[in-house]
Amino acid sequence: MANDASAVATPSHSADAPHVDPFTPSSDSSLWRKNFLLGAATASYQIEGAVDEDGRLPSIWDTFSATPGKVLAGDTGTVACDHYHRWEADVDLLAGLGLEAYRLSIAWPRVMDAAGQPNRKGLDFYKRLLGRLKEMGIQTYVTLYHWDLPQHLEDRGGWLNRDTAYRFADYADLVSRELTGSVDAWATLNEPWCSAYLGYGNGHHAPGLANGRFATQAMHHLLLAHGLAIPVLRANDPASQKGIVANIGRGTPNSDSAADQRAAHLFEVQHNAWILDPLLKGAYPNELFDLWPGTEPLVLDGDLQTIAAPIDFLGINYYFRTNVESDGAHGFREVPLEGVERTQMGWEVHPDGLRDLLVGFKGTYRNLPPIYITENGMASDDKVVDGGVDDTQRISFLKRHLAAVDQAIKAGVDIRGYFLWSLMDNFEWAFGYERRFGIVHVDYGTQKRTIKRSAELVSKFLKERKEKS
Ligand code: FCB
């Protein structure tokens, strides 16, 4: 059973296994390969704060989080982890842990004004940050859009307006000209499914609109934005890798019945194929519009070719699975399983889902590019006790998911790295500060950072791996 930690996380006890602890991967794991990148991830709105400093303009998340009832406890990203002022110490923290790569995002409203002109102070912040990461020998994975759309663009329709895709290409042009040479890998978008579906389809995220037709049109414009930006990034910064980050969902059938199996398939069409098919096959899955009649987006000639521009890598974010049965408006209905392990988010811990999806994608997409797991991790109600944080469940979660990644590699999937979500506790969108995903604890009253036990063990493993090579 995947939920039984002892069954899944069996460490190797071979003689050469170095000091087996609750995190260290088994001695035959691909994770020991020196070129398997291990890093941590964050996103601008979730950590930076300083929302109206140095010319930053409001984003849709400033507006949304200031709207009563949208975010738990009325939390906002106004201060967050104050990373805008504490970035040097935060980079020291990353380097001190021995993490090899850092995935961060750039705040569009910090670097470009409403007329499309550069905001020097905002750009300088990222130049300093990326420069320091380079000095420290940390590889930089930069996401251009992790959900903080400038509010002035939302005021003109946001992702429902085709023009936003062209504004995004302008933004990608500006940023990649300015930061060329200091970025190892560019990702255009983070999780277009969340931007389109949660933002425009059910209203749980900014800008908070709820209409099925809006979701598909927003998705189309997001993917178009990605496709328009790829050649721009290639022209401005040829040495770096270019890709996109998608969240993927595992749907499992509640029974062996053909109807439930079909429900699980339809779940994955709506979560995965909706995004990956246009990117990797140049077409939307027909089943999507059979399920959601009347929601076909307006697609112009040539859009799908633009969207399917070859990419150097695909970033995959994975958190949980959804158990489903047939029925419901979307062709499936969730049937939450009883007695399974869950995280503070209520998400089921299911590492096999990550492996199965990765192996499945390799079969489905002949041109599947190299993969980085760009986010994986879990929230727990972590507390500092005697100066430390013992986040036992996270340690076990990470170990089991890294074992699943290893299994996918052994099954032939080209996976090159893994980023923990997240470097530190931060603003977890509609859940505010109550959900702690970090491997570093943040006391929001004092901004004190405390390294959790999970971070210590990741760091210990990286040190051991380095010594071995
Ligand atoms: C992902 C987001 C990331 C974080 C994690 C928990 O969907 O990309 O910003 O909130 O979930």
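Look up: the structure comes first, before these words.
Residues take numbers from 1 onward in each chain, read along the sequence in its written order. Local features in a predicted model are, by the rule used here, given only for residues with pLDDT of at least 70; side-chain atom pairs are given and counted only at 80 or more, and totals for whole chains, interfaces and linings are based on all residues. Excluded from the side-chain calculation are hydrogens and water; included are all heavy atoms of the structure.

Participant: Please clarify how the sheet that holds strand β4 (residues 185-190) should be interpreted in this entry.
Facilitator: Strands pair in a sheet through their backbones, by hydrogen bonds, and they do so in one of two ways: parallel or antiparallel. Criterion used throughout: strands pair if DSSP finds at least two bridges between them. By the criteria applied, helices consist of DSSP H or I runs no shorter than four residues and strands consist of E runs no shorter than two, each listed in order from the N terminus. What the eight strands build is a closed barrel, ordered β1-β2-β3-β4-β5-β7-β10-β11; its pairing is parallel. Taking each pair of neighbouring strands and ignoring which way they run, the sheet shows an average axis angle of 25°. Bridge analysis of β4 against strand β5 (residues 241-247) gives four bridges, and the strand direction is parallel. Paired with A185 across the bridge in β5 is Q241. Relative to the sheet, helix α10 (residues 212-236) contacts β3 (139-145), β4 and β5, its axis offset from that of β4 by approximately 165°. The angle between two axes is taken between their N-to-C directions and runs from 0 to 180 degrees, where each axis is a line fitted to C-alpha atoms and a helix contributes only its stretch in contact. Working rule for contacts: check all heavy atoms of both residues, and any pair within 4.5 Å makes them a contact.

Participant: Whenever I open this one, the sheet that holds strand β8 (residues 321-326) confuses me. Can you help?
Facilitator: On the basis of which strands lie adjacent, the open sheet formed by three strands has the order β6-β8-β9 and mixed pairing. Edge strands, defined here as strands with exactly one partner in the open sheet, are β6 (250-253) and β9 (332-334). Each adjacent strand pair in this sheet contributes to an overall mean axis angle of 50°, direction not counted. Direction of pairing for β6 relative to β8: parallel, over a ladder of four bridges. Bridge pairing in β8 links P253 to V324. Running at roughly 130° to β8, helix α11 (residues 258-281) makes contact with β6, β8 and β9 of the sheet.

Participant: Looking at this structure, I do not really get empty space enclosed by the protein. What am I missing?
Facilitator: To locate leftover empty space, one rolls a probe as large as a water molecule over the atoms. Site definitions follow a grid-based scheme: protein atoms alone, a 1 Å grid, a 1.4 Å probe that fits but cannot get out for cavities, and for pockets an open set with protein on both sides within 12 Å along at least five of seven lines, plus lining residues having an atom within 4 Å of a point. Grid points are joined across faces, edges and corners, and a volume is the space filled by probe spheres set on the points. Taken as a whole and judged by the stated rule, the model has four cavities of 30 Å³ or more. There is about 60 Å³ of room inside the largest cavity. What lines the largest cavity is simply I60, W61, Y145, W147, W159, C194, S195, G199, Y200, H205, A206 and P207. Of all the elements in the fold, those that place two or more residues in the lining of the largest cavity are α3 (60-65) and α9 (192-201). Take the lining of the largest cavity: its biggest share by element is four residues, from α9. Under the scheme applied here, ten amino acids are nonpolar (Ala, Val, Leu, Ile, Met, Phe, Trp, Tyr, Cys and Pro), four are charged (Asp, Glu, Lys and Arg), and all others, including Gly, are polar. Counted by class, the lining of the largest cavity contains nine nonpolar, three polar and no charged residues. Its boundaries defined by the atoms lining it, the second largest cavity holds a volume of some 50 Å³. For the second largest cavity, the full set of lining residues is T42, A43, S44, I47, E48, H83, Y102, L104, S105, F125, Y126 and L129.

Participant: Which parts of the structure should I look at to understand the site of the ligand?
Facilitator: Nearness is defined per residue: one heavy atom within 4 Å of the molecule or strand is enough. The ligand sits among Q46, H146, W147, N190, E191, Y319, E375, W421, E428, W429 and F437. Side-chain atoms alone can form a polar contact between residues adjacent in sequence; in general such a contact is a pair of N or O atoms within 3.5 Å, and within protein one must be able to donate a hydrogen while the other accepts it. For the ligand, an oxygen atom lies 2.7 Å from a polar atom in the side chain of Q46. Between the ligand and the protein, one listed contact pairs an oxygen atom with a side-chain N or O atom of E428 at 2.7 Å. Protein burial of the ligand: of its 300 Å² of free accessible surface, 95% is covered by the chains. Given that more than half its atoms are within 2 Å of the pocket grid, the ligand belongs to the largest pocket. All accessible-area figures derive from a Shrake-Rupley calculation using a 1.4 Å probe, and residue coverage is judged against the displayed protein chains alone. Any molecule with more than half of its atoms within 2 Å of a cavity's or pocket's grid points is counted as sitting in it.

Participant: Looking at this model, I keep getting lost on the packing of helix α8 (residues 163-179) against α10. Mind explaining?
Facilitator: For any two helices packed against each other, one specifies the crossing angle of their axes together with the interaxial distance. Here α8 crosses α10 at 25°, and the two axes come no closer than 8 Å. As summarised for this structure, α8 and α10 are arranged roughly parallel, according to the angle between their axes. Here the hand of the crossing between α8 and α10 comes out right-handed. Contacts between α8 and α10 involve A165, Y166, F168, A169, A172, D173, S176 and R177 from the first element and H221, L224, A225, L228, A229, V232, L233 and N236 from the second. Here the word oblique covers every angle except those under 35 degrees (roughly parallel), over 145 (roughly antiparallel) and from 65 to 115 (roughly perpendicular). In this scheme the handedness of a crossing depends on how the near helix is turned from the far one: anticlockwise by less than a right angle means left-handed, clockwise means right-handed.

Participant: Mind showing me how you'd approach helix α14 (residues 351-364) here?
Facilitator: Count 3.6 residues to each turn of an α-helix, and residues three or four apart come out pointing the same way. Every helix has an expected span of 1.5 Å times one less than the residues it contains. If you check α14, its first and last C-alpha atoms are 20 Å apart, about what 14 residues at 1.5 Å a residue would give, namely 20 Å. Considered for burial, the residues of α14 that qualify are P351, G353, L354, L357, L358 and F361. Here the buried residues of α14 occupy an arc of 160° about the axis, which is enough to place them on one side. On its buried face, α14 is in contact with β6, α11, β7 (313-317), β10 (371-376), α15 (392-410) and β11 (415-421). Buried, partly exposed and exposed residues are distinguished by accessible area as a fraction of the type maximum, computed with a 1.4 Å probe on protein chains only: under 20%, between the cut-offs, and over 50%, respectively. Directions are taken from the helix axis to each C-beta atom, and the arc is the one they span.

Participant: How do you make sense of the side chain of R465 when you look at a structure like this?
Facilitator: With respect to the helices and strands, the residue R465 is situated in helix α16 (residues 453-468). From its side chain, R465 meets the backbone oxygen of F36 in a polar contact 2.9 Å long. With residues near it in sequence (within four places) discarded, R465 still touches L31, W32, R33, K34, F36, L38 and E100.

Participant: Looking at this structure, I do not really get the nonpolar core. What am I missing?
Facilitator: In a soluble, globular protein the nonpolar side chains are often hidden away together inside. Of all hydrophobic cores here, the largest spans 128 residues; its most connected members are W61, L99, Y145, W159, F168, W274 and I415. The element contributing the most residues to this core is α10, with 10 residues. In this view, L99 contacts L38, G39, A40, L94, I138, L420, L423, I439, V458 and L462; residues no more than four positions away in its chain are not counted. By convention a nonpolar core is built from buried Ala, Val, Leu, Ile, Met, Phe, Trp, Tyr and Cys residues, the set being connected through side-chain atoms within 4.5 Å. Counting residues in each nonpolar core, the second largest holds 16 residues, with A41, Y319, M345 and Y372 among its members.

Participant: Can you help me understand the environment of G377 in this one?
Facilitator: Structurally, the position occupied by G377 is in the loop between β10 and α15. As a C-alpha pair, G377 and R465 span 88 residues in sequence and 21 Å in three-dimensional space. Residue contacts for G377: discarding those within four places in its chain leaves Y319, F397, L398, W421 and F437.

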